[in-house]
Amino acid sequence: MYLHATSLGIKKRTLRNASVSSELHKKAIANAPTDASTELVHVVQTRFMQDQSDLLELGLARLELFETFCLPSILAQTNKNFLWVIRTDPDLHPSLLSKLLALLEGRPRIILIGSNYNPEGFGRGESGSFGNYLRADNQNRTEMSASILSGDHTLLEESFANSASGAVLLETRLDADDGLHRDFVKTVQQEAKYLMRSEGNPVWRIWCISFNIEWHPLNPFPESSSINKTFNEGYLVMYSDPNICVTPGLTFGYSTGADRSSISGRLRHDEITRKVTPCTPEKDKTDKTDKIEVNCFSRLANLSPGAVRSRTTTSAGMDNVVTGIEAFDKKNKLKAASKNKQLAEKFNKQFFAQDMMWNGLHILFSVSRQRAKDARKLMMDRMQQIAEDNLKGQCTPGHSCKDGTQLLLKSFASE
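Summary of the structure given here. (Residues numbered from 1 in each chain as written. Predicted model: local features only at pLDDT ≥ 70, side-chain atom pairs only at ≥ 80, totals over all residues. Heavy atoms only, no water.)

1. Concerning the pairing of strand E12 (residues 307-310)
Point 1. Residues Ala307 and Arg309 of E12 are buried on one face, and the alternating residues Val308 and Ser310, pointing to the opposite face, are buried as well.
Point 2. As defined by bridge partners, strand E6 (residues 178-180) adjoins E12 across three bridges and the pair is classed as antiparallel. Within the sheet, the bridge partner assigned to leucine 180 lies in E12 and is alanine 307.
Point 3. In the sheet, strand E8 (residues 212-216) pairs with E12 via four bridges, with the strands oriented parallel. (Buried < 20%, exposed > 50% of the residue type's maximum accessible area, 1.4 Å probe, protein only. Helix = DSSP H or I, 4+ residues; strand = E, 2+ residues; numbered from the N terminus. Pairing = 2+ DSSP bridges.)

Written out as C-alpha cells, the structure is:
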C-alpha cells in the first residue's frame, strides 16, 4: 500500500463537514437534468455469511460489526432513493438470522435474500430475468428458488423492471463490516444523472472512494514512549491508496443499453486502476467546456473520508489487519509507515487526534463510540475463536483462498 503523505494528515474541515464540493460535483448539481429521461435505479449490494452458514463465532462477530458500522451509515443516508440488497446463506444459523431480521424489521427498502448467488447487472446482462435474479445459488438453476426474508418484494421487482426498461443503473458494493459517508448516495446519484445522459451509444462509468477511515481493535500506530495508550473503542486511521479501488462505495453506473459486458466483464476491486482508463480530473482538463467524460473510472474526492472499513479477524483477506503477532505485524503496511520519517510524523498525528476523528465518524457515518467499544470487546475476548471460524471459512465459494491469510489465521487460532 502506498500512503500519500498529505492524506495522513488530519483534515479538520473534512471531518466536520458533510462534503467539500469538487468541480465535477458542482457541475453535476448545476446541470443534472430533472425530466423523466433521467429515471435512476440505485442498488447497494452486500453479502453476509454466504456459504458459511454454520460458522457461528464468525457470524456473531460480523453481525456486531454490521450493527456498529454498516447499518447506521446506510440508515443515515441523506438520499433514501435506493435499495439495499443483502444476500445471506439460505441455511444461515437460526440465531444469526433472528438477530439480522430484528435489525431489518420495518425497513421495506432493505431486501434480505436467502441466496448464495451474486449476479451483477440488476435487471440487465448477467442477472437475466427476475426469476433468475432470485436463484438460490450458482449451481441451482431453478428460478425463484431464493427466499425474500425481509423487505418489499414488489418494490424489488418493480425496480428490477425499471432497470431492464432503460433507467440509469447504479450498483454499489458494500461489505457488511464497512460503512458509507452519509452523503454517498446523494453524491453519486447527482453525478450519475449528469454523466449518464447518453444520446446514442451506451456508456458507463465507475466511481471509487478517494479517502477512507479504518477501524482497528489493536493499535496500528508505531508504538513509542508517547504512543502507548489503549483506546477501548479501538483506533482510527485515515488515508488513501491510489493503487486500488477499495470495496466499500465501489459503484458501477450504466446508461440505457449498457451493462457489465460493456466494460470487460467482472472486475476485482484491485484490478480497476490497472485495467480501466482513469477519468481526467476536472482541474487537469485543457478543454474547459461541459464535455462529459464517460467509460472511465473516477474517485469521489468531495467525500473525504468516503467510507469506514473495519479491519479485524473477521476479514476474509486479512489485509492491513493488526494482529499483535510481531512476525506478521512487522510486514503490516500501516506499521511500515514508521520507516518513512515524513509519513511517520503525519501518521502519528492521527494518534493524538482520535477524539476529533471519532466525532467526525459520528457526524459523517452515525457510528457510535460506545457501540465501537462493545464491538472491540467482543473482538478482543473472542479473537481466537473468531480466527478459528475464519480459517474454516477460507476457500469456500466466493471467499479468499490465500496461503498467507491461512497461515496468519492459524497463528491467531493457536495463540
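Read on, since the account is not over.
2. Re helix H6 (residues 153-164)
For an α-helix, 3.6 residues make a turn, and residues three or four places apart therefore share a direction.
Point 1. Its twelve residues give H6 an end-to-end C-alpha distance of 17 Å, which sits within 8% of 16 Å, the value for a rise of 1.5 Å per residue.
Point 2. Here H6 has its buried residues at Leu155, Leu156, Ser159, Phe160 and Ser163. Buried positions in H6, seen along its axis, are confined to an arc of 135° and lie on one side of it.
Point 3. Looking at where H6 begins, the residue whose side-chain oxygen comes 2.9 Å from the main-chain nitrogen of threonine 154 is aspartate 152.
Point 4. Where H6 terminates, the next one or two residues include glycine 166, which has phi positive at roughly 120°. (Expected span 1.5 Å × (residues − 1). Arc of directions from axis to C-beta. Polar contact = N/O pair within 3.5 Å; in protein donor to acceptor, adjacent residues only side chain to side chain.)

3. Remarks on the sheet that holds E6
Point 1. Pairing is mixed across the open sheet formed by four strands, whose spatial order is E6-E12-E8-E9. In this open sheet, the two strands that pair with only one neighbour each are E6 and strand E9 (235-239). Mean inter-strand twist for the sheet, computed between neighbouring axes without regard to direction, equals 20°.
Point 2. Here helix H11 (residues 354-365) sits on the sheet and contacts E6, E8, E9 and E12; the angle it forms with E9, its principal contact strand, is near 75°. (Axes fitted to C-alpha atoms, helices over the stretch in contact; angles between N-to-C directions. Contact = heavy atoms within 4.5 Å.)

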